[in-house]
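Summary of the model geometry
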Amino acid sequence: MKKLALHWKILIGMVLGIAWGFISIKAGWNEFTTDWVKPWGIIFINLLKLIAVPLILVSLINGISNLTDITKLSRIGLKSISLYIISTVIAISVGLILVNATQPGKLFPENKREAFQEKYQFNIEKSRANSEMVKKQGPLQKIVDIVPDNLFSSMSDNSKMLQVIFFAILFGIAMVMLPTNQIKAVKDVVNSLNEIVLKIIEIIMRAAPYGVFALLGSLIVDVAGEKMDDTLDLFAALGLYALTVILGLLILVVFIYPIFIHFFAKVKYLKFLSGIFPAQLLAFSTSSSAATLPVTMECVEKNLGVSKEVSSFVLPLGATINMDGTSLYQAVAAIFIAHAFGFELTLSMQLTIVLTATLASIGSAAVPGAGMVMLVIVLESIGLPAEGIALIFAVDRPLDMLRTVVNITGDSTISSIVAHSEGKLNHIV
Ligand code: ASP
């Protein structure tokens, strides 16, 4: 019998995990699930995060050192960053148009606002402290943050991926500039390290079906524990808000990316989607583009034919700075909260949202819930209270799962386009 492909196993794991979650709630096994099932999900995510920094480091150094000249690198870099910004602005515009049409915030029951703010006070304080810190910084702080003063401290913190990327690029460039005989030993080592890291990822991925089972099973149990006293209005408002985000994400996947892929990468979109499907499943289950990165890279290289040279540079960068799903969500959420608080938004405020959501999505770490933390910055830029995030907390996790799928789909789209434009897309699909 032919062995079942990994992504089908992951899908089965997801379905069984969700079923397990509901059975646990019905049968009163919540404690068992939290004590004995959830830890396996955490272990799985930890393993993926564990390999993220070594992967970025060796694959970027390997990728760049294989380039023969620096101009090529700066060309690929410029193309990727421009495309990332264009796709982010398109995503935010889609979100803004939709939320202005559906206006879910206007359905929000006034008497519920305070109850929500109280319930989520702790998280609000944390997010606010975060945004205060960002506000105190000067205009160039974002650039200062990219340049580490100690490599080991950057590598010891997963939220400092951009610093690791910076070092890897510098290291790679130095290798390209030196004569081959002087770097041969390091090149061989990096090559072997690359193979080893890829093998480790393969090993981790064998556990993926069980990992996603545990993640989704315990997620259902956790969410059910947070039951709130909903009223019909509240349900309608939150439901319409969630639907608006979902519709926006769908528009990106069903209309925008296909246009990009068709015209600029010359690949059949369905083939593209089936190629990255395993990565999408994992993005959905882990809610983290960083944790999904190893699989995104593998899918894009093996299934779409993007050369390593391009993928090893464009994808790690995209996982950290390109978040189309997150930026769309931030735009919708900001307007939803504004309306729920009774604010009317002017055109200039909406333009401010485009700008700050672009920056906030670039600044969001590729981990679960990061987009919501950065939302505080968008809210404050248009004079809204940070407490606003309390209103959307309850539905954030499922939206996080979906926007992460879109985030990695966007990264894969851009990497295919860059590869095509460089003649580095081997049309195996
Ligand atoms: N979870 C998202 C990601 O990793 C970020 C976010 O929107 O929270 O891509």
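The rules behind each value
- Residues numbered from 1 in each chain as written.
- Predicted model: local features only at pLDDT ≥ 70, side-chain atom pairs only at ≥ 80, totals over all residues.
- Heavy atoms only, no water.
- Salt bridge = Lys/Arg side-chain N within 4 Å of Asp/Glu carboxyl O.
- Helix = DSSP H or I, 4+ residues; strand = E, 2+ residues; numbered from the N terminus.
- Buried < 20%, exposed > 50% of the residue type's maximum accessible area, 1.4 Å probe, protein only.
- Axes fitted to C-alpha atoms, helices over the stretch in contact; angles between N-to-C directions.
- Parallel < 35°, antiparallel > 145°, perpendicular 65-115°, else oblique.
- Left-handed = near helix turned anticlockwise from the far one by under 90°.
- Contact = heavy atoms within 4.5 Å.
- Nonpolar A, V, L, I, M, F, W, Y, C, P; charged D, E, K, R; others polar.

Here we take up the pattern of salt bridges. Here the structure, examined in full by the defined rule, presents 11 salt bridges. With a closest N to O distance of 2.7 Å, Arg-75 and Glu-422 form a salt bridge. Residue Arg-75 is located in helix H3 (residues 70–102), and its partner Glu-422 is located in the segment after helix H19 (396–421); the two are separated by 347 residues in the primary sequence. A residue is classified by how much of its surface remains accessible, and Arg-75, at 41% relative accessible area, is partly exposed. For Glu-309, the salt bridge identified is with Lys-424, shortest N-O distance 3.4 Å. On the criterion of sequence distance, the pair formed by Glu-309 in helix H14 (residues 308–321) and Lys-424 in the segment after H19 is long-range, its members being 115 residues apart. Several salt bridges share partner residues, and in doing so they unite Lys-72, Glu-309 and Lys-424 into one network.

Turning next to the packing of H3 against helix H15 (residues 324–340). Taken N-terminus to C-terminus, the directions of H3 and H15 make an angle of 30°; their axes are 8 Å apart at the nearest point. Taken as axis vectors, H3 and H15 run roughly parallel relative to one another. As for the relative orientation of H3 and H15, their crossing is right-handed in sense. Contacts from Tyr-84, Ser-87, Thr-88, Ala-91, Ile-92, Val-94, Gly-95, Leu-96, Val-99 and Asn-100 in H3 reach Asp-324, Ser-327, Leu-328, Ala-331, Val-332, Ile-335 and Phe-336 in H15. Looking at the contact of H3 with H15 residue by residue, the class counts come to 11 nonpolar, 5 polar and 1 charged.

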